[in-house]
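Single-letter residue listing:
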Amino acid sequence: MTAVTPSAGVRASAEDAILVLDRLRTRGPLVHCMTNIVVAGFTANVLLAVGASPAMVESSEESAEFAQVADAVLVNLGTVSPDKVTAMRAAVAAAGHAGTPWVLDPVAVGALGFRTRFAAELVTHGPAVVRGNASEILSLAGAAGAAGRGVDSTTSSVDAVDGAAELARRVGTTVAVSGAVDYLCDGDHVLEVHTGHPMMTRVTGVGCALGALVAACCAVESSPLVAAGAATTILTVAAEVAAAASPGPGSFAVSLLDALYALDARALRAHVG
Amino acid sequence: MTAVTPSAGVRASAEDAILVLDRLRTRGPLVHCMTNIVVAGFTANVLLAVGASPAMVESSEESAEFAQVADAVLVNLGTVSPDKVTAMRAAVAAAGHAGTPWVLDPVAVGALGFRTRFAAELVTHGPAVVRGNASEILSLAGAAGAAGRGVDSTTSSVDAVDGAAELARRVGTTVAVSGAVDYLCDGDHVLEVHTGHPMMTRVTGVGCALGALVAACCAVESSPLVAAGAATTILTVAAEVAAAASPGPGSFAVSLLDALYALDARALRAHVG
Amino acid sequence: MTAVTPSAGVRASAEDAILVLDRLRTRGPLVHCMTNIVVAGFTANVLLAVGASPAMVESSEESAEFAQVADAVLVNLGTVSPDKVTAMRAAVAAAGHAGTPWVLDPVAVGALGFRTRFAAELVTHGPAVVRGNASEILSLAGAAGAAGRGVDSTTSSVDAVDGAAELARRVGTTVAVSGAVDYLCDGDHVLEVHTGHPMMTRVTGVGCALGALVAACCAVESSPLVAAGAATTILTVAAEVAAAASPGPGSFAVSLLDALYALDARALRAHVG
């Protein structure tokens with residue numbers, strides 16, 4: 001890490017993850033997901049596995065109404081279109097009025113002009129957390145030449161920490177950079193999550209599901225930094241459990257849901273170390 | 001159950017389920033599914049597992065043409081939008097002219113105004129079956145304050161039996177209320193299905209797939225009440241088989257498809273009892 | 001096979017599949033998928049399992065921009081709509097200008113007028129490969145009365161070889177006819193693929209995923225005929241491996257992804273024989 005990082009990164013704690021996971025299961029937060037056609041089903045299943053209640057409502061006729069009653073909102077730009085832009089703007093405005101936390105997942109921002117401009121607009125409207133890979137976060141932070149390759153990052157997560165911290169300070173949000181190590185920055189602090197497994201990149205929607213899980217955690221934990229750290233810890237520890245039992249990406253995706261469902265304090269403490 | 005229930009509920013029979021399942025496998029009905037982006041893949045896989053032939057056709061340029069050649073039509077409001085409203089209206093009209101049975105699944109009706117108004121319109125156009133959870137059915141029946149929480153019911157299915165029976169009589173349809181116990185009402189009779197497993201609520205799209213399976217069964221069984229009872233019995237017995245072999249919701253969803261594929265008279269009789 | 005077939009069919013070779021699979025894993029081609037809501041997630045997972053990098057970009061604001069940077073483009077008509085038609089036209093034009101190979105998957109063409117007309121237009125714009133079942137290919141080739149039943153073929157693949165060859169010659173493309181035996185025609189040659197398993201028809205999206213895999217292979221192999229033969233061999237051999245380990249379609253879909261991930265030269269040679 002470089003000298004301009006706001007503070008030395010500390011590891012996200014297993015204890016926070018344990019606490020937040022317990023609240024998810026007890027309260028079952030209603031998460032309004034505006035997401036893409038590729039990962040909608042898997043995202044819903046991840047949320048159901050941890051006890052949250054997902055609902056995908058995406059038309060402009062309904063998105064504002066639902067954002068007001070939901071406990072958290074996810075705005076994922078994976079398959080964005082003009083209609084969805086209208087619906088997302090309405091949901092973000094309604095969430096703002098209602099004080100509902102919302103998460104921005106800027107999928108492929110930097111690689112495509114239309115969504116890059118829309119993400120630059122959205123990020124100024126007060127997301128609790130912005131979650132993306134290094135290329136997406138650097139693009140959103142305004143770094144030149146940061147564009148990824150399709151939906152994949154061309155940069156290591158550690159190289160996006162400074163950009164993430166700058167973005168967090170500038171717009172007053174928490175930024176989660178996903179990668180081999182995850183970095184979570186709120187402008188003053190950096191949390192690191194070292195758990196996880198490469199198989200997470202061989203199943204579509206694991207990153208997108210993390211964005212949804214961050215939203216769910218924001219519904220039950222008032223600190224976005226702690227919520228993002230807990231969500232990332234929960235998913236990456238479950239991924240380690242699942243990978244140990246899976247010969248390939250098909251069985252890994254199945255085991256990941258089983259592992260999330262069965263995840264307990266003991267496993268979280270053992271894997272976070 | 002209360003006194004105004006049209007008749008004492010009787011259990012849906014394993015024999016009807018056996019007969020209808022055999023017809024599904026023999027005839028392979030073509031089921032036109034207009035459904036949501038979350039569950040489309042899982043719905044198709046459930047139909048394929050029992051031998052039906054699903055096709056998702058959802059644009060207004062094609063929905064009427066396809067509803068005329070399909071053996072049954074599913075109209076699921078999960079991610080409804082103005083474009084889909086136009087396409088669904090056209091499909092319902094075409095199904096009506098062709099005499100093709102169609103099923104209405106009023107996802108989250110009551111919780112959101114746009115779809116609540118559209119469902120109230122659709123239900124008067126002759127669905128063979130309306131399938132939903134207790135909150136959705138009560139909302140559609142006109143009960144005040146019946147709205148669920150997102151896509152989940154806030155009411156037990158037994159509390160919706162009177163409303164379901166009233167709705168069935170008023171619009172001349174069969175109403176299937178999903179829950180821990182499923183109640184199927186045609187206005188004069190109530191069938192009960194007691195099989196099933198709580199894990200069904202931990203996988204997205206199980207309820208939506210039941211709506212599609214009801215449509216498939218309506219293609220091969222002229223009594224909507226018997227068709228709905230058979231579909232519910234088939235899915236809930238398969239769920240019991242699958243749950244016994246599954247440590248969590250990921251493996252349960254996989255096993256449910258395997259169990260549907262392998263389901264036979266012996267298992268149906270053993271589980272229905 | 002009939003006398004008008006351009007040449008006696010020869011078996012696609014395991015060695016070509018081995019070579020192309022190695023290139024997929026080494027180069028990780030970026031595949032721009034414009035596909036349908038039913039199979040988008042499964043398609044992405046199939047591509048990820050073989051080492052390709054899928055990205056689903058489907059709005060007209062972005063499709064041309066992305067087709068220019070992608071290594072291959074898939075145009076699948078499964079849930080086509082007027083908006084998607086506009087986006088697909090733009091992507092096809094951009095792919096043409098950039099010299100990017102693109103694959104047309106004419107789902108349910110012949111059964112529905114809107115998409116049949118659009119597919120007839122698209123096929124004249126230079127697809128590297130057209131992949132479909134026998135009914136779809138015969139309809140696109142202009143055979144009267146060739147329409148399938150929904151998304152399923154009503155004709156055996158061998159009966160579409162002549163039509164496929166004629167279509168290939170007329171528009172200068174390679175045509176892949178999927179079925180119990182797969183036939184791949186470029187107008188002068190016919191390749192046959194005899195591997196595969198009936199369980200492939202019990203999981204939604206296996207054919208659609210094959211279209212995407214053909215596109216990925218076209219990104220790393222300049223002969224569309226060889227690319228289509230390799231893609232078909234890779235998927236059908238993985239299907240044989242998966243079917244041997246799977247009691248039903250749920251576990252088969254999971255095992256298919258695991259088998260693609262683990263597929264090696266030894267298994268390809270052993271199954272192709």
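Check the entry above for the structure.
A short tour of the structure in this document, coming up. All values reported here derive from a predicted model rather than from experimental measurement. (Residues numbered from 1 in each chain as written. Chains lettered and ligands numbered in written order. Predicted model: local features only at pLDDT ≥ 70, side-chain atom pairs only at ≥ 80, totals over all residues. Heavy atoms only, no water.)

## Overview of the pairing of strand β2 (residues 30-34) of chain C
Residues and elements named next belong to chain C. Within β2, five of the five residues are buried, which leaves it mostly tucked inside the rest of the structure. Alternating positions in β2 separate into two faces, L30, H32 and M34 on one and V31 and C33 on the other, with burial throughout. Relative to strand β3 (residues 53-56), β2 is paired through four bridges, and the arrangement is parallel. From the neighbouring strand, V31 faces β3, where its bridge partner is P54. Bridge count between β2 and strand β4 (residues 72-76): four bridges; the pairing is parallel. Bridge pairing links H32 to V73 in β4. (Buried < 20%, exposed > 50% of the residue type's maximum accessible area, 1.4 Å probe, protein only. Helix = DSSP H or I, 4+ residues; strand = E, 2+ residues; numbered from the N terminus. Pairing = 2+ DSSP bridges.)

## Focus: the interface of chain A and chain B
Many descriptions give the size of an interface as the accessible area lost when the pieces come together. Taken together, the contacts link 29 residues of chain A with 27 residues of chain B. Here chain A meets chain B over a buried area of about 2200 Å², counting both sides, of which 60% is carbon and sulfur. On inspection of chain A and its partner chain B, the count reaches two salt bridges. Of the charged contacts, one joins D71(A) and R149(B) as a salt bridge, the two residues approaching to 3.0 Å between their closest N and O atoms. On inspection of chain A and its partner chain B, the count reaches ten residue pairs in polar contact (both at pLDDT 80 or more). Counting residues per element, the ones that place at least two in the side of chain A that touches chain B are α2 (40-49), β3 (53-56), α3 (63-69) and α10 (249-262) of chain A. With six residues, the single largest contributor to the side of chain A that touches chain B is α2(A). Across the side of chain A that touches chain B, the residue classes tally to 15 nonpolar, seven polar and seven charged. (Contact = heavy atoms within 4.5 Å. Buried area = accessible area lost by both parts, 1.4 Å probe. Salt bridge = Lys/Arg side-chain N within 4 Å of Asp/Glu carboxyl O. Polar contact = N/O pair within 3.5 Å; in protein donor to acceptor, adjacent residues only side chain to side chain. Nonpolar A, V, L, I, M, F, W, Y, C, P; charged D, E, K, R; others polar.)

## What about the side chain of S139(B)?
Residues and elements named next belong to chain B. Summarising the element assignment, S139 is placed in helix α6 (residues 134-140). Here S139 falls in the buried class, since its relative accessible area comes to 14%. Look past the residues within four positions of S139 in its chain and what remains in contact with it is V109, G110, A146 and A147.

## Overview of the pattern of salt bridges
One pass over the structure, following the stated rule, counts 21 salt bridges over all chains. Here R170(A) makes a salt bridge to E166(A), at a shortest N to O gap of 3.3 Å. Of this pair, R170(A) and E166(A) both sit in helix α7 (residues 161-171), separated by four residues, roughly a single helical turn. Here E121(B) and R89(B) are joined by a salt bridge, their closest N and O atoms 2.7 Å apart. Here E121(B) is found in helix α5 (residues 113-122), whereas its partner R89(B) is found in helix α4 (residues 82-98), with 32 residues between them in sequence. Residue class for E121(B) comes out partly exposed when judged on its relative accessible area of 26%. According to the relative accessible area criterion, R89(B) is partly exposed, its value standing at 40%.

## So, the relation of the copies chain C and chain A
In screw terms, the move from chain C to chain A is a rotation of 120 degrees and a rise of 0.0 Å along the axis, fitting with an RMSD of 0.0 Å. Taken together, the rotation angle and the small translation identify this as a three-fold axis. It is I37(C) whose C-alpha, among those of chain C, lies nearest the rotation axis, at 3.4 Å. Little of the interface of chain C is mirrored in chain A: 7% of its interface residues are interface residues there too. (Least-squares fit on C-alpha atoms with pLDDT ≥ 70 in both.)

## Describing the interface of chain C and chain A
With 29 residues of chain C at the contact, the number on the chain A side is 27 residues. Buried area between chain C and chain A, summed over both chains or domains, comes out near 2200 Å², and the portion from carbon and sulfur atoms is 60%. Looking at the side of chain C facing chain A, the largest losses of area belong to L48(C), E62(C) and Y261(C), adding up to 24% of the total buried there. Here chain C and chain A share two salt bridges between them. Counting only elements with at least two residues in the side of chain C that touches chain A, the list comes to α2 (40-49), β3, α3 (63-69) and α10 (249-262) of chain C.

## Concerning the sheet that holds strand β5 (residues 102-105) of chain C
All names here are of chain C. Read from one edge to the other, the open sheet built from nine strands follows the order β1-β9-β8-β7-β6-β5-β4-β2-β3, with strand pairing classed as mixed. A strand with exactly one partner marks an edge of an open sheet, and here the two such strands are β1 (10-11) and β3. Across the sheet, helix α8 (residues 206-218) lies against β2, β4, β5, β6 (129-133), β7 (174-178) and β8 (182-185), angled at about 165 degrees from β5, the strand it touches most. Of the strands in this sheet, β6, β7, β8 and β9 (190-193) are in contact with helix α9 (residues 224-244), which crosses β8 at around 165 degrees. (Axes fitted to C-alpha atoms, helices over the stretch in contact; angles between N-to-C directions.)

## Thoughts on the relation of the copies chain A and chain B
Each of the two chain copies can be generated from the other by rotation about an axis followed by a shift along it. Screw-axis analysis of chain A against chain B gives a translation of 0.0 Å along the axis, an RMSD of 0.0 Å, and a rotation angle of 120 degrees. The residues that chain A uses at the interface reappear at the interface of chain B in only 7% of cases, marking distinct surfaces.

## A word on the environment of T79(B)
Structurally, T79(B) can be placed in the loop between β4 (72-76) and α4. Taking C-alpha positions, T79(B) is 6.7 Å from I37(B), a pair spaced 42 residues apart along the chain. When residues no more than four places from it in sequence are discounted, the contact partners of T79(B) are M56(A), E58(A), N36(B), I37(B) and K84(B). A distance of 3.3 Å separates a polar side-chain atom of T79(B) from the backbone nitrogen of I37(B).

## Quick look at the nonpolar core
Counting residues in hydrophobic clusters, the biggest one holds 201 residues, and the most contacted among them are L256(A), L256(B) and L256(C). Apart from residues lying up to four places away in sequence, L256(C) is in contact with F42(C), V206(C), L235(C), A238(C), A239(C) and A242(C). (Core = buried A, V, L, I, M, F, W, Y, C linked by side-chain atoms within 4.5 Å.)

## As for unusual backbone geometry
Even without glycine at this site, A108(A) takes up a positive phi of about 65 degrees. For A108(A), a relative accessible area of 4% gives the class buried.

## Points about the sheet that holds strand β5 (residues 102-105) of chain B
Residues and elements named next belong to chain B. Read from one edge of the open sheet, nine strands run β1-β9-β8-β7-β6-β5-β4-β2-β3, paired in mixed fashion. Only two strands of the sheet have a single partner each, and these edge strands are β1 (10-11) and β3 (53-56). Here strand β8 (residues 182-185) runs beside strand β9 (residues 190-193); their pairing, made up of four bridges, is antiparallel. Looking across to β9, one finds that L184 is bridged to L191.

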